[in-house]
Amino acid sequence: MSKYIQNSLILILLIFVISCDEDPTPKPNAYLRLSYPEAHYIQTDLDVPFTFNKNKFSTNVEAKKMVGKENYGVNIEYSHLKGTIYLTYKNINEDSKNLMEFIKDAQNFTQKHTIKADEIAEQVYINDERKVYGMFYEVGGNAASQSQFYITDSVKHFLTGSLYFYAKPNYDSILPAAKYLEKDIKQIMESVSWK
């Protein structure tokens, strides 16, 4: 064997031995880093039978009277996040049948998301001091709404809320924005004061 071939074989063998020394390390997954401004809340002053704290980051808050006695809709827009929190207020009129019907409707509305949802986590909310009782729903997966709630004083006031984005639901893409707005929804629930 010629010296040239012998040296080439030794070089190839040496490269092979050196390259097999370390185990390959996979690169970690890359995640999109999204940052949102710190939430600063101010009390609303709308012509509706309740007040609540809203995030200053919201771009537009609109209230309108709906069909029916003392029914209102409030839209809290977040144009930067391409989402809106929709609130619907209904007067119970001190009728327990109305209260049960409103609660049933709110629960059924949430359960309609089970087709696309991976899970629906429920959190009971009770504030005896302000007479606010209700339920918060966190909807996981590619459902149309990631957060929903209802609250009531059980006598006169009933308020539901839900979060929607302007895009086709893709849970992985909207999760950071959904988590940010989930805090705003909880702030609304915790700050509601009936008029």
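Scroll up for the structure.
Residues numbered from 1 in each chain as written. Predicted model: local features only at pLDDT ≥ 70, side-chain atom pairs only at ≥ 80, totals over all residues. Heavy atoms only, no water.

Engineer: So, the nonpolar core: which residues are in play, and what are the values?
Structural biologist: Residues Phe-50, Phe-52, Leu-87, Phe-149, Ile-151 and Leu-159 are the most contacted members of the largest nonpolar core, which totals 31 residues. Broken down by secondary-structure element, the contributors of at least two residues to this core are strand S5 (72-78), strand S6 (83-91), strand S8 (132-141), strand S9 (147-152), strand S10 (157-165) and helix H3 (171-191). Among the elements that line this core, the one with the most residues is H3, at eight residues. If we ignore the near neighbours within four places in the chain, the residues touching Leu-87 are Phe-50, Phe-52, Tyr-72, Gly-73, Val-74, Ile-76, Phe-149, Leu-159, Thr-160, Gly-161 and Ile-188. Core analysis: the second largest hydrophobic core is formed by nine residues, Phe-102, Ile-103, Ala-106 and Phe-158 among them. (Core = buried A, V, L, I, M, F, W, Y, C linked by side-chain atoms within 4.5 Å. Buried < 20%, exposed > 50% of the residue type's maximum accessible area, 1.4 Å probe, protein only. Helix = DSSP H or I, 4+ residues; strand = E, 2+ residues; numbered from the N terminus. Contact = heavy atoms within 4.5 Å.)

Engineer: For a nonpolar patch on the surface, give the residues involved together with the corresponding values.
Structural biologist: Taken together, the side chains of Tyr-4, Ile-5 and Leu-9 make up a nonpolar region of the molecular surface, amounting to roughly 360 Å² of accessible area. Assignment of secondary structure puts Tyr-4 in helix H1 (residues 3-19). (Patch = residues over 30% accessible without salt bridge, like charges linked within 9 Å, V, L, I, M, F, W, Y side chains within 5 Å. Areas by Shrake-Rupley, 256 points an atom, 1.4 Å probe, with all protein chains shown as cover. Salt bridge = Lys/Arg side-chain N within 4 Å of Asp/Glu carboxyl O.)

Engineer: Could you give an account of unusual backbone geometry, naming the residues involved and the relevant values?
Structural biologist: We note that Lys-82 has phi near 55°; this positive angle belongs to a residue other than glycine. Tracing the backbone shows Lys-82 in the loop between S5 and S6. Residues other than glycine seldom take positive phi values, yet Asn-93 does so here, at roughly 60°. According to the relative accessible area criterion, Asn-93 is partly exposed, its value standing at 42%.

Engineer: Explain empty space enclosed by the protein to me, using residue names and the numbers behind them.
Structural biologist: According to the stated counting rule, one finds one cavity of 30 Å³ or more in the structure shown. Considered as a void within the structure, the largest cavity measures approximately 40 Å³ in volume. Along the walls of the largest cavity sit Glu-138, Val-139, Gln-146, Tyr-171, Leu-175, Ala-178, Lys-179 and Glu-182, which together make up its complete lining. Of all elements in the fold, only S8 and H3 reach the threshold of two or more residues within the lining of the largest cavity. Per element, the largest residue contribution to the lining of the largest cavity is five residues, and it comes from H3. Of the residues belonging to the lining of the largest cavity, the class tally is four nonpolar, one polar and three charged. (1 Å grid on protein atoms, 1.4 Å probe; cavity = no way out; pocket = protein on both sides within 12 Å on 5 of 7 lines; lining within 4 Å. Points joined across faces, edges and corners; volume = space filled by probe spheres on them. Nonpolar A, V, L, I, M, F, W, Y, C, P; charged D, E, K, R; others polar.)

Engineer: Outline helix H2 (residues 96-111), supporting the account with residue identities and numerical values.
Structural biologist: Along its 16 residues, H2 runs 22 Å from first to last C-alpha, staying within 8% of the 22 Å computed at 1.5 Å per residue. Between the side-chain oxygen of the N-cap and the backbone nitrogen of Lys-97 there are 2.9 Å, and the N-cap of H2 in question is Asp-95. (Expected span 1.5 Å × (residues − 1). Polar contact = N/O pair within 3.5 Å; in protein donor to acceptor, adjacent residues only side chain to side chain.)

Engineer: Any chance you could break down the pattern of salt bridges for me, citing the residues and the numbers?
Structural biologist: Enumeration according to the criterion identifies three salt bridges in this entry. Notably, a salt bridge pairs Glu-182 with Lys-186, separated by 3.5 Å at the nearest N-O pair. Of the two residues, Glu-182 and Lys-186 both sit in helix H3, four residues apart, roughly one turn of that helix. Here the salt bridges share partners, and the residues they tie into one network are Glu-138, Lys-179, Glu-182 and Lys-186.

Engineer: Break down the packing of aromatic side chains for me, with residues and values.
Structural biologist: In this structure the tally under the stated criterion is nine aromatic pairs. By the ring-pair criterion, three or more aromatic residues cluster together here, those being Phe-50, Phe-52, Tyr-72 and Tyr-89. (Phe/Tyr/Trp six-rings, centres within 6.5 Å; stacked < 30°, edge-to-face > 60°.)

Engineer: Just give me the short version of the pairing of S5, but keep the residues and values in it.
Structural biologist: Among the seven residues of S5, six are classified as buried, and the element is accordingly described as predominantly covered. Summarising the sheet, strand S4 (residues 60-65) and S5 pair through six bridges and their orientation is antiparallel. In the sheet register, Lys-65 faces S5, and the bridge partner there is Tyr-72. Hairpin connection, S4 to S5: the antiparallel pair is bridged by six residues, and Gly-68 has positive phi, about 110°. Note that S5 and S6 share seven bridges and pair antiparallel. Bridge pairing links Glu-77 to Thr-84 in S6. As consecutive antiparallel partners, S5 and S6 are separated by four residues, and within that stretch Lys-82 has a phi angle of approximately 55°, a positive value. (Pairing = 2+ DSSP bridges.)

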